[in-house]
Amino acid sequence: MKYRAVCFDFDYTLGDSTDSIVAGFQYGFTRLGWPAPDRETVRGTVGYLLEDAYTLLTGDRSEEGRAAFRPLFLEAAQERQRRETRLFPGAQELLWDLKGRGVKLGIVSTKRSDTLEIILERCGVLDCLELVIGSDRVKRHKPDPEGLNAAMAAMGVSREELLFCGDTVIDAQAARNAGVDFAAVLNGTTPAPAFEPWPCVHIAPDLLDLRNWLGEQAKKTEH
């Protein structure tokens, strides 16, 4: 296949942590004196760095407020995320299929690496992955290309050989900034038209479609 490596965002690309994320936002906001956001409002921020999501919803750009939110969020959400997060239908099959084809796999996410690794191990797919790059393993977060550049270096692949799959415009921007191909996955809150300004090699309504499309790319290469 053209792609020797595929990297994925996690939240709303491969997995769903909505309940725990909403609980973390509502707890953190209440403790800081802000009105508790509703579920759909929180869902619209999934994929942003926590501090940026806090600022987006409150308008508070102070370092004090931004720094105070993360530990409160984690107090309510971290253990729940590790226990309750589920993979979307087709995620496990997609990862094992690509692994079986000899494709190197990685995660580049704004979630913490330790939380991701616990979730992925519990869901039976951690062994598929070459690397997990969470928010704690980069200094500059998506859409900065630092995480994708680190993944390419670690996996020994070129920009032309890496595909990044994600569910937000932030993911699309990160792929463009890294100079790699991007496939959108519509498991989250971002609709297909939002990706039109960004170069996408494919827009997948779900992970089954993404798996089928990647299989077609492999067949083209074989022929």
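Residues numbered from 1 in each chain as written. Predicted model: local features only at pLDDT ≥ 70, side-chain atom pairs only at ≥ 80, totals over all residues. Heavy atoms only, no water.

1. Points about the environment of Gly90
Considering the arrangement of structural elements, one finds Gly90 in the loop between β3 (86-87) and α5 (91-100). Residue class for Gly90 comes out partly exposed when judged on its relative accessible area of 22%. Along the sequence, Gly90 and Leu116 sit 26 residues apart, while their C-alpha atoms lie 18 Å from each other. (Helix = DSSP H or I, 4+ residues; strand = E, 2+ residues; numbered from the N terminus. Buried < 20%, exposed > 50% of the residue type's maximum accessible area, 1.4 Å probe, protein only.)

2. A closer look at the side chain of Arg82
With respect to the secondary-structure elements, Arg82 resides in helix α4 (residues 63-84). Arg82 sits in the buried class, given a relative accessible area of 14%. Here the side chain of Arg82 touches Thr115 through a polar contact of 3.3 Å, side chain to side chain. (Polar contact = N/O pair within 3.5 Å; in protein donor to acceptor, adjacent residues only side chain to side chain.)

3. Thoughts on empty space enclosed by the protein
If you walk through the whole model with that rule in mind, you get two cavities of 30 Å³ or more. As for the largest cavity, its lining consists of 19 residues, of which Asp11, Leu50, Phe73, Thr110 and Lys111 are closest to the centre. In terms of residue count, the dominant contributor to the lining of the largest cavity is α4 (four residues). A class-by-class count of the residues in the lining of the largest cavity yields nine nonpolar, six polar and four charged. In this model, the second largest cavity occupies a volume close to 60 Å³. As for the second largest cavity, its lining consists of Val108, Ser109, Thr110, Ile133, Gly134, Val138, Arg140, His141, Lys142, Asp144 and Gly147. (1 Å grid on protein atoms, 1.4 Å probe; cavity = no way out; pocket = protein on both sides within 12 Å on 5 of 7 lines; lining within 4 Å. Points joined across faces, edges and corners; volume = space filled by probe spheres on them. Nonpolar A, V, L, I, M, F, W, Y, C, P; charged D, E, K, R; others polar.)

4. Quick word on the packing of aromatic side chains
Scanning all chains against the criterion turns up 10 aromatic pairs. Aromatic pair Phe69 and Phe73: ring centres 6.0 Å apart, planes at 50 degrees, arrangement tilted. One end of the pair is Phe69 and the other is Phe73, both in helix α4 and four residues apart, which spans about a single turn. Of the two residues, Phe69 and Phe73, neither departs from the other in class, the shared state being buried. Taking 6.0 Å as the distance between ring centres and 35 degrees as the angle between the ring planes, the aromatic pair formed by Phe182 and Phe195 counts as tilted. Within this pair, whereas Phe182 is found in strand β7 (residues 181-185), its partner Phe195 is found in the loop between β7 and β8 (202-204), the two being separated by 13 residues in sequence. There is no split in this pair, since Phe182 and Phe195 are both buried. By the ring-pair criterion, three or more aromatic residues cluster together here, those being Phe25, Phe29, Trp34, Tyr54, Phe69 and Phe73. (Phe/Tyr/Trp six-rings, centres within 6.5 Å; stacked < 30°, edge-to-face > 60°.)

5. With respect to the packing of helix α7 (residues 146-155) against helix α8 (residues 169-178)
At a minimum axis separation of 8 Å, α7 and α8 run at an interaxial angle of 55 degrees. Of the possible angle classes, the one that applies to α7 and α8 is oblique. Crossing handedness for the pair α7 and α8: right-handed. Counted together, Leu148, Asn149 and Met152 of α7 and Ala174, Ala175 and Ala178 of α8 form the full contact between these two elements. Looking at the contact of α7 with α8 residue by residue, the class counts come to five nonpolar, one polar and no charged. (Axes fitted to C-alpha atoms, helices over the stretch in contact; angles between N-to-C directions. Parallel < 35°, antiparallel > 145°, perpendicular 65-115°, else oblique. Left-handed = near helix turned anticlockwise from the far one by under 90°. Contact = heavy atoms within 4.5 Å.)

6. Quick word on the pattern of salt bridges
A side chain with one charge may pair with a side chain of the opposite charge, provided their charged atoms come close. Under the criterion given, the structure shown has 20 salt bridges. Across the salt bridge formed by Asp52 and Arg66, the nearest N and O atoms sit 2.9 Å from each other. Highlighted residues: Asp52 in helix α3 (residues 50-58) and Arg66 in helix α4, separated in sequence by 14 residues. For Arg66, a relative accessible area of 16% translates into the label buried. We note a salt bridge from Arg82 to Glu79, for which the minimum N-O separation is 3.4 Å. (Salt bridge = Lys/Arg side-chain N within 4 Å of Asp/Glu carboxyl O.)

7. Notes on the nonpolar core
Of all hydrophobic cores here, the largest spans 44 residues; its most connected members are Val6, Phe8, Phe25, Leu105, Ile107 and Leu210. Counting residues in each nonpolar core, the second largest holds 22 residues, with Leu131, Leu148, Phe164 and Ala178 among its members. (Core = buried A, V, L, I, M, F, W, Y, C linked by side-chain atoms within 4.5 Å.)

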